[in-house]
Each structure stands twice: as C-alpha cells, then as structure tokens.
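Next come the chains, spelled out residue by residue.
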Amino acid sequence: MININRNQDNRKEEPKFPIAEPHDLSPRSKWLRNYYFKGLKRGWNNQYMPFTTGTDWDIVFHEGDFYVSPDVYSYIQILGKNDKGVFASSFRSMAIPIELPDDFWELSLPERRAIFFEKVMLDYIPQEIISENDLIAGGRFNTQLSKCFNEEEAKEYWKKNIKNREAVFKYHKSGFGNLGATSGHIIPDYETVVKEGFKYIYEKARKTYDNLSEEEKSGSKGEELRAMMISAEIPRELAKKYAEECRKLKEDTFKPERIQELEQMSRNLERVPWEPAETFWQGVQTVWLIHMLVMAEESYPGAGLSFGRLDQYLWDLYKKDVIEQKKITKEFAKEILGSFWFHCNTTYDAMIKAGKQGITSAFGQIITLSGCGPNGEDLTNELTYTMLEVIDSWYPSLEPKPNVRIHRNSPDKLLDILVDMIARAQGSPFILNFDERSIAGMIKEGIRKEEAWNYGVVGCLENTMQGNDRSGTVNCNPNLTKSIELTLWNGQNMPGDNIITKLGEQIGPERGDAEKFQTWEDFYNAWKEQVRFIIKYTVDLNNMCEELRGDFIRTPYLSSMVRGCIEQGLDITNGGPELRFITVEGVGFATTVDSLLAIKKLVYEDKKYTIAQIKDAIMSDFKGNEIMQTYLRNKAPKYGNDEDDADELARMVMETWAEECWIYKTPTNHQYRPGMLSWNYWAGADASYTIATPNGRNNGSFLSNAICPTDGADMKGPTAVTNSVGKTLGGKIESGEYINYLPNGASHTITFNPSIIRDPEHKEKFKAYLRGYIENGGTALQINMLDVKMLKDAQKNPENYTNLLVRVTGYNAYFTAIGRELQNEIIARESHRM
C-alpha cells in the first residue's frame, strides 16, 4: 500500500526567482486588492449586463468598436456575411428589456439613447457599496446597451455594417493591418466637473439650447442638446441613489468608524458631482463616478478612457485637506486612492469568466503625472509623490495605468523615485513620456505652444489634449511592411487565401516591374508610391467606418463633457469636439526599414543578389536559401545602432508615410495624423498575414514593435538605440528645437537586465541615461527589467508566476496568460546593460 503524504503533494512550490509583490498596503487597501484578485470567487463582480428595447430589430452590440481587435473577428462573423455573430446574438438573447416611456419612439435617436441610458443606470443596475472597506461609490458599469434604433434605422445600419465588415475583413486578411472607428481613447473634461460641477455642464447646454432659433430647436442641434441636458442630470440622480445606499448601510453598521465613513460618503454624494468638489475625497469620488458612466454609455469598458493630469487638477484639494488644514492624513488620502485603484481594475470583470478574469492586457485608463508647465517649469507636487507611492505599493496591478511626464527640469527626487520603482518591478510600472519631443509633435498638429504643454496621455502612450480632443488614437493600424511586398510584385497581393483574397490579385498601383529597376532610386520611388497607396486605402476604408458611427452611434453623456460638442450641438461621434483627429498607427516600421536597407545594400550597392533572387527566396520562405537569409540578417545595415546612413533612411521612411497622413480628413471632419503604437498587432494577426521579408524574417513570424528596432538588430547598446529613435523622429534643428513627425507619440520598449541598477552607482548611471533620453530620444519609453532565466522558469512553472507582469508594447500583461509565441518574443528581446 502506497503511503501518500497529502499535505506534501498539495504544497505549492515557491518560485526560483523573486517576483514583484505589493507592499506597505494599509489593511483596507490590502483587503480591496486581495478581494479583487479573488476573481470568480468573489461574491460580487462587474461582468457585462446587456439591456434591450425589446424590439425584434434591436441591436445591442456594435461590432465596429472591435474591428481594431482581429482576435475577435471569429466572434463577429462565423456562418456568412449576414451572420450577426456570437457576441451580437449572445448579448441580444441575454439582454434585459427596459420599460420605455410611451413617447419613446417619437423622439430623436440622441434623445432615445439618453433616456435609455438614464433608465438603465438609475432603475435597472443596482447601486452597491462593494464592502465595508470601500471609500468610493460606483460599482457596476460594464454594459452592452441597445443602440435604440427604430426599425428603419436598424435596417439601414445593418446594411452599411455588412458592407463595412466585408471591406475591413478583406483589408486585414490581405495583410494590410486592421482599422475601425472605436470608442474610448479620450480624456473627457473631468477637470471642469471637479472644479465647477456637472451643474455647470447642464447650464451650458441649457443656455446654448435656449439661444437656438425655433428652426434649430426642431432640428438636429436641438435634438443633440436636449439629449445632452438629459444626460447631464444622470450623475446627480445616480449620486443621490448611492447616497441613499450609504445611509441604509449606516443603519446596519455597528462600527463607529465605519458609521462616520458612510455618513461622509453620503454627504459627498449629495454634493458631487453636481456641485464643485470641496474636499480631496469629493474630488476623487467625482472623477470615478463620471468616469464609470462614460464606460457604461459607450459599452466599452476602460480601453483608452483616461483621467488626464490627475495630480494637477486634484492638487489644490489635496494640499488644502492634507497639508494646510490637515483634515485628513496622507495615509487616509492613500486609502481613498486605493479604493479608486480597486474600482479601476474592475473594468476587467466585463468578461471575468474568460481566462485570467478576462484579462489579456491593460485597458489603459491612464493617469498622467508630473510634467512641465507653460514655461518649462516643473509641476511635480506632493500629490504626484503620493500617487507614485500608491502605484508602487499596489504593484503588480493593471489599472489605472500611470504615465509619468519627465523633461529637462524634472527634479532629481522624482527621477530617484522612478528608478527605485523600476528596480523593484519586472514589467514597467509606468510609461515615461518625454515632454520636449512630445510637445513638438502637438505643436506640429496645430496646437498652440501656449496650450501644448498641458497635453495628457490616453490608452497606452498616445498624446492628446485634455477635455476637448478626440484623436481616434487606435483607429487605423496599417502594416507598413506590406509596402515591400507591393513594391516587389508591382502592387499584387501575395498571401492570398483564395476565399477573401487571391494570390496575385492587383490591389496596389502598378509602378513597374521591380526586377527591371536599374537603380536604388527607382526601387525607392516605387516603394514611396506603394506606401502612399496603403495610407490612402486605410483612410478610405476607415472613412466608411467613421461615417457609419457618425450616422448611427450617439453618446450624449460623453459629448456633454467634451468641449465643442455643446457649442456646436454635435455628438462626439459626429464632429463635435474642438480638436478632431484620427491617428494612423504605423506597424512594422523597423521590418520595413531593414528590408529596404538590405535591398539597397545587397542588390544595388554590392550586387550580391538580384531582385528576382530575393523574390524567389521570399516565396520559398528561404527554404534552400538559408545562406542568403544569413546575409540578409547579418550583412546588411540595421536601424537602431546609431549609424547615420541607416538612420537617415529610417527618417526618410518615417517622413514619407507620416506626411501622407496629413493629406486626408474623415466625412465627420477629423484630420488624420500619424503615430506609432503597434499594440500587439506586430506579434499577432498582422504578422501571420505577412510573407517573408528581405531583412531575413520568415513568413508569419513577428514584425518589429512600433518604433523599436527589429529583435536582435540593435547591437550597440541602449544609448545607440535611443539616438536612432530620436533621429528617426526628426532629430533637432540647429537652434536645438525638437522635431517630431508623430504627434500621437511613438512606443519604444526596451529591456534591461536587473543587474544594471543593483547599487547606487548604477542607479545614477540609469538616471543619466534617462536625462540623455530627454535630449536625444523619442516621445515615450517603456522599460522591462527582466531576467531571461526567470522568464524561462515561468514558462516551465506558470503556477508559480501568476502575477508576473511584463511590458509587451504599450501595455503590461501577465506573462503566464499570454501565448507561447509572444512569451518567446519577450525572452528573445535584447537585454541591455549600461
């Protein structure tokens, strides 16, 4: 008989390598964090709640929001072009019918949406205080809401939607990338609501409406403004209901301290967000309640919806309460922020039953910290440092995602703290934004210098202005590498699946047989025509998506908090904001540059190979051409090594495609602008539809990540990479002023070995590196501090590393929850030493 020691068998093995753990949390914050990570074992969650008008034609799920996520295409269409898909049919079948007013169908679409949203939030979604440890009200907000179409609108919407879907799927499966008019990715005017109250928003809408002519009141402007007025009162009424809940809980509570907290929470909610916040607690409560309502209205939980410069517009309240009048302690302020952190993370409950609590990556509710003022002065304050303490103590967690702006005048104290936080983390605990280069980009897109200093960050690292700007920062994601294929085959499509796309189908322009080009200039000029075609193809198709959204999707609540919408009487989806951009995020940049460098060097300069030989090797995926592949990989120049000739070609490539974006506008009057994010497209669907490339990359393998060099191509260390990035973005002019071709920003992820900051001397060197990045680098830097041995052990023993965060591109992800191929890519990244 075998003697089994059950205790020994069930004992969890400790990881060989230490991973970042939360630390110095108060009992309250520790409880909230632990409760969140219980996931499905919690007694409460915030998973999707769908709601319907109850009509046969109702549409609950707007698939266009998710065209930028090719991973979900199979859930959008399965059986055929008229298939509504798994998501749409499932949400519709589960949706709760809402009792509608008698005159509902006589109202305009914007007013229907506002009334439906009001009914759902006030009468159908329960108002709950999550626990006796919670200090912030605002629980459930993950919704899928009816689009409130009448029958005729639904038919027209679906007809245009099918046309768009077919075009978007062909674009993607032909290897061009992905696109779609998506939600989120904005900083609403939270600052005004904190300082003036939602009453100010309501009064502005009412006065604007009262000043309309009778004809305007009966037209679209009147419809939009009436919808915004209805929506502007929802936060007040919802806060009242939460205040009532606090008072009910107070009656059932016997702990004196909790009774006082619930009483103060109810008083807070009776004042804000309708009136201006008078205390720090009220300020944080205001921000959370109005923020969660945006997610509820858009039915788009968290992705890119960001808070702006939170440490700046809450600073006066914090200074008064904590420093000057000492109404609350710093530790209690951190507990208030801890509750805020908890609620931000509950966005992931939307699909809590899918995988690791539905988590695949950070949704990107960014808080922007520190940064410069209008004259370059540093604006770091004590609230900045307090928030950094909360970030550090809660880490690893995904939301809210901090972005720290640094610049020439950033204090050593701030950099010391940032370096210490990096040393303790694995994946980057924050993104660093570099003001001088970023502001140069904002000025390029037409923002006045006197205002550009006050930019914020959304999503992953995308630069926008605050409260008046929707820049569609992830709407267009073209695969720049496709331009190489089109140039080599004279505009013909080469992947082909014989279903959506055909091998050799003429998609791009005919610009000559590449095998007959006599000079590098001939080839490069043909390439420029193909990359310009890709931008125009992307824009034309995205305009179809923007037009559909502008015609049918209404978000009057969000619109009321974006300056310009009330003034123009236009929804945010239809050209309302003061600043209107759509960002074209180039994917596969270094793959494209290195391919051009290889052709220039080995075909036209050294005459080692012909174009015909390159094409044959690509089509065979280098099988039988392994020696050529080795030459392409190792004997051609590579971007990322601070070599002027290679970096100059990279700059020319950047300028060519980036400047092309500025030519175009949407039907809703948004200006296209360039950026470089890449999200995970370079590692996923875009890569799988990209044939082998002349830099020696194999068919279907990963493309380069955003503005980063190709993996393994940067051989001269982090300073050389930094210099290449800065030069590629435009460098500086003789006066020392920065040039930035990409106002949206450019994602640069770099991996270091933890040993580089093991002692004070090395930390000082790392600070010097950051100071150098300010002068010579790009707009945004994400740092992975990782030991390859630890990552390999995590692959073998994932159960020991469930909370190991790594920086993928513009976001952190749990290493053990991402695919094996992406894990291997992170392991393969060059780990730099100083």
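Think of each chain on its own: its residues are numbered from 1, step by step along the sequence as written. In keeping with the model being predicted, local features are shown solely for residues with a pLDDT of at least 70 and side-chain atom pairs are shown and tallied solely at 80 or more, while totals for entire chains, interfaces and linings include all residues. Water and hydrogen atoms play no part in the side-chain values, which are based on all heavy atoms of the structure.

## Looking at the overall build of the protein
In terms of helices and strands, the protein carries 33 helices and 18 strands. With respect to the principal axes defined by its C-alpha atoms, the protein has extents near 85 × 80 × 65 Å. Only heavy atoms matter for contacts: two residues are in contact if any of them lie within 4.5 Å across the pair. Sequence separation of 24 or more characterises 78% of the internal contacts of the protein that already satisfy a separation of 6 or more. A 1.4 Å probe and the Shrake-Rupley method give the accessible areas. Residues count as covered only by the protein chains that appear here. Working note: accessible area of the protein is about 30,500 Å², and carbon and sulfur atoms make up 48% of it. Separation of charge centres in the protein, based on 101 positive and 120 negative side chains, amounts to 3 Å. Helix numbers and strand numbers start at the N terminus; a helix is a DSSP run of H or I with at least 4 residues, a strand a run of E with at least 2. A positive count includes Lys and Arg, and a negative count includes Asp and Glu. His and the chain ends are not counted in either. Here the site of a charge means NZ on Lys, CZ on Arg, CG on Asp, or CD on Glu.

## So, the nonpolar core
Most often, soluble globular proteins keep nonpolar side chains buried together rather than apart. In terms of nonpolar packing, the biggest core is built from 196 residues, with Phe280, Phe523, Phe589, Trp657, Phe766 and Ile783 touching the most fellow members. No other element matches the 12 residues that helix α13 (residues 280-298) contributes to this core. Within the second largest apolar cluster, 26 residues are counted, among which are Ala95, Val168, Ala303 and Ile534. Side-chain atoms within 4.5 Å link the members of a nonpolar core, which is a set of buried Ala, Val, Leu, Ile, Met, Phe, Trp, Tyr and Cys residues. The buried label goes to any residue with under 20% of its type's maximum accessible area, the exposed label to any with over 50%, and the partly exposed label to all in between, with areas taken from a 1.4 Å probe on protein chains only.

## Description of the pairing of strand β5 (residues 366-370)
Of all 5 residues that make up β5, 5 are buried, and the element is covered over most of its length. When DSSP finds at least two bridges between two strands, those strands are taken to pair. Judged from the 5 bridges that link them, β5 and strand β6 (residues 401-406) form a sheet pairing that is parallel. What sits directly across from Leu369, in β6, is Val404.

## What about the packing of aromatic side chains?
Whether two aromatic rings pair depends on their centres lying within 6.5 Å, for rings of Phe, Tyr and Trp, where Trp uses its six-membered ring; planes under 30 degrees apart make the pair stacked, over 60 edge-to-face, and the rest tilted. One pass over the full model with this rule turns up 48 aromatic pairs. Summarising the aromatic geometry, the rings of Phe533 and Tyr537 are spaced 5.6 Å apart at their centres and angled 25° between planes, so their arrangement reads as stacked. Here Tyr537 and Phe533 lie together in helix α22 (residues 520-552), a separation of 4 residues that amounts to about one turn. Remark: a charge is flagged as sitting over a ring if the NZ atom of Lys or the CZ atom of Arg is within 6 Å of the ring centre and within 35 degrees of the ring normal. Here the guanidinium or amino end of Arg42 rests over the ring plane of Tyr35, the centre of that ring lying 5.9 Å away. One residue, Arg236, lies across the ring of Trp274, its end atom 4.4 Å from the ring centre.

## Observations regarding unusual backbone geometry
Residue Pro273 follows Val272 across a cis peptide bond; omega there is 10°. Tracing the chain through its elements places Pro273 in the loop between α12 (256-271) and α13. In this model, Glu399 is joined to Pro400 through a cis peptide bond whose omega is -15°. Mapping Pro400 onto the fold places it in the loop between α17 (382-394) and β6. Backbone geometry places Ser299, a non-glycine residue, at a positive phi of 50°.

## A word on the environment of Ala612
With respect to the helices and strands, the residue Ala612 is situated in helix α26 (residues 611-619). Among the residues examined, Ala612 registers a relative accessible area of 25% and is labelled partly exposed. C-alpha of Ala612 to C-alpha of Lys516: the two residues are 96 residues apart in sequence and 9.4 Å apart in space.

## Points about the sheet that holds strand β1 (residues 49-52)
Here we have 3 strands laid out as an open sheet, ordered β2-β1-β3, and parallel in their pairing. In the strand order of this sheet, the two ends are held by β2 (96-97) and β3 (143-145), each with one partner. The sheet contact formed by β1 and β3 spans 3 bridges and is parallel. Its bridge partner being in β3, Met49 is matched across the sheet by Thr143.

## Comments concerning the environment of Gly564
Structurally, Gly564 is set in the loop between α23 (556-560) and α24 (565-568). Looking at Gly564, the relative accessible area reads 5%, which means it is buried. When the C-alpha positions of Gly564 and Thr55 are compared, they lie 34 Å apart, and in sequence the two are 509 residues distant. Apart from residues lying up to four places away in sequence, Gly564 is in contact with Gly576, Pro577 and Glu578.

## Let's talk about the side chain of Glu335
Residue placement: Glu335 occurs in helix α16 (residues 330-345). At a separation of 3.0 Å, a polar atom in the side chain of Glu335 contacts the side chain of Arg28. Throughout this description, a polar contact denotes any pair of N or O atoms lying within 3.5 Å of each other; where both atoms belong to protein, one of them has to be capable of donating a hydrogen while the other can accept it, and for residues adjacent in sequence the pair is counted only when both atoms sit in side chains.

## Focus on helix α6 (residues 151-173)
Take the number of residues in a helix, subtract one, and multiply by 1.5 Å to get its expected span. With 23 residues, α6 ought to run about 33 Å at 1.5 Å a step, and its terminal C-alpha atoms sit 33 Å apart, in line with that. Inspection of α6 places Glu153, Ala154, Tyr157, Trp158, Asn161, Ile162, Asn164, Arg165, Val168, Phe169, Tyr171 and His172 among the buried residues, and these make up the whole buried set. Contacts from the buried residues of α6 go to α3 (73-76), α5 (109-124), β4 (177-179), β11 (476-478), α22 and α29 (685-688). Of the residues flanking the start of α6, the one acting as N-cap is Asn150, its side-chain oxygen 3.2 Å from the backbone nitrogen of Glu152. Just past α6, the residue Gly175 takes up positive phi, approximately 90°.

## Remarks on a negative patch on the surface
Each patch is assembled from residues with relative accessible area greater than 30% and no salt bridge, linking like charges that lie within 9 Å and nonpolar side chains (Val, Leu, Ile, Met, Phe, Trp, Tyr) that lie within 5 Å. One speaks of a salt bridge when a side-chain nitrogen belonging to Lys or Arg is within 4 Å of a carboxyl oxygen belonging to Asp or Glu. Judged by side-chain charge, Glu99, Asp102, Asp103 and Glu106 come together as a negatively charged surface patch. Looking at where Glu99 falls in the secondary structure, it is placed in the loop between β2 and α5. For Glu99, a relative accessible area of 59% gives the class exposed.

## Considerations on the packing of helix α15 (residues 315-324) against α17
Axis lines are fitted through C-alpha atoms, for helices just across the contact stretch, and the angle between N-to-C directions can take any value from 0 to 180 degrees. Two numbers describe how α15 lies on α17: the axes approach to 9 Å, and their chain directions differ by 85°. The orientation of α15 with respect to α17, classified from their angle, is roughly perpendicular. Counted together, Trp315, Tyr318 and Ile323 of α15 and Glu382, Leu383 and Thr386 of α17 form the full contact between these two elements. In this count, Pro and Cys sit with the nonpolar residues alongside Ala, Val, Leu, Ile, Met, Phe, Trp and Tyr, while Asp, Glu, Lys and Arg are called charged and the others, Gly among them, polar. For the contact of α15 with α17, a count of residues per class yields 4 nonpolar, 1 polar and 1 charged. In this scheme, roughly parallel covers angles under 35 degrees and roughly antiparallel covers those over 145, while 65 to 115 is roughly perpendicular and the rest are oblique.

## Structural notes on helix α31 (residues 760-776)
If you check α31, its first and last C-alpha atoms are 24 Å apart, about what 17 residues at 1.5 Å a residue would give, namely 24 Å. Turning to α31, its buried residues are His762, Phe766, Lys767, Tyr769, Leu770, Tyr773 and Ile774. Around the axis of α31, the buried residues are gathered within 155° of arc, so they sit on the same side. Residues of α31 that are exposed and point more than 90 degrees away from the buried face comprise Pro760 and Glu761. Throughout, the arc means the angular range of directions from the helix axis out to the C-beta atoms.

## A closer look at the pattern of salt bridges
Within the structure shown, the criterion is met by 64 salt bridges. Salt-bridge contacts for Lys195 lead to Glu191; the nearest nitrogen and oxygen are separated by 2.8 Å. A residue pair is termed a helical-turn pair when its members lie 3 or 4 positions apart in one helix, as Lys195 and Glu191 do in helix α7 (residues 190-196) at 4 residues. Overall, Lys195 belongs to the partly exposed group, its relative accessible area being 43%. Here Glu191 falls in the partly exposed class, since its relative accessible area comes to 28%. A salt bridge links Arg448 to Glu450; its shortest N-O distance comes to 3.6 Å.

## Brief notes about the side chain of Asp392
Mapped onto the elements, Asp392 comes out in helix α17. Side chain to side chain, Asp392 and Arg424 meet in a polar contact 2.5 Å long. Beyond its immediate chain neighbours, meaning those up to four positions away, Asp392 contacts His23, Met421 and Arg424.

## Focus on the environment of Thr751
By the element assignment, Thr751 lies in strand β14 (residues 747-752). Taking the relative accessible area as the measure of exposure, Thr751 reaches 6% and is therefore buried. Considered as a pair, Thr751 and Lys330 are 421 residues apart in the sequence and their alpha carbons are 34 Å apart.

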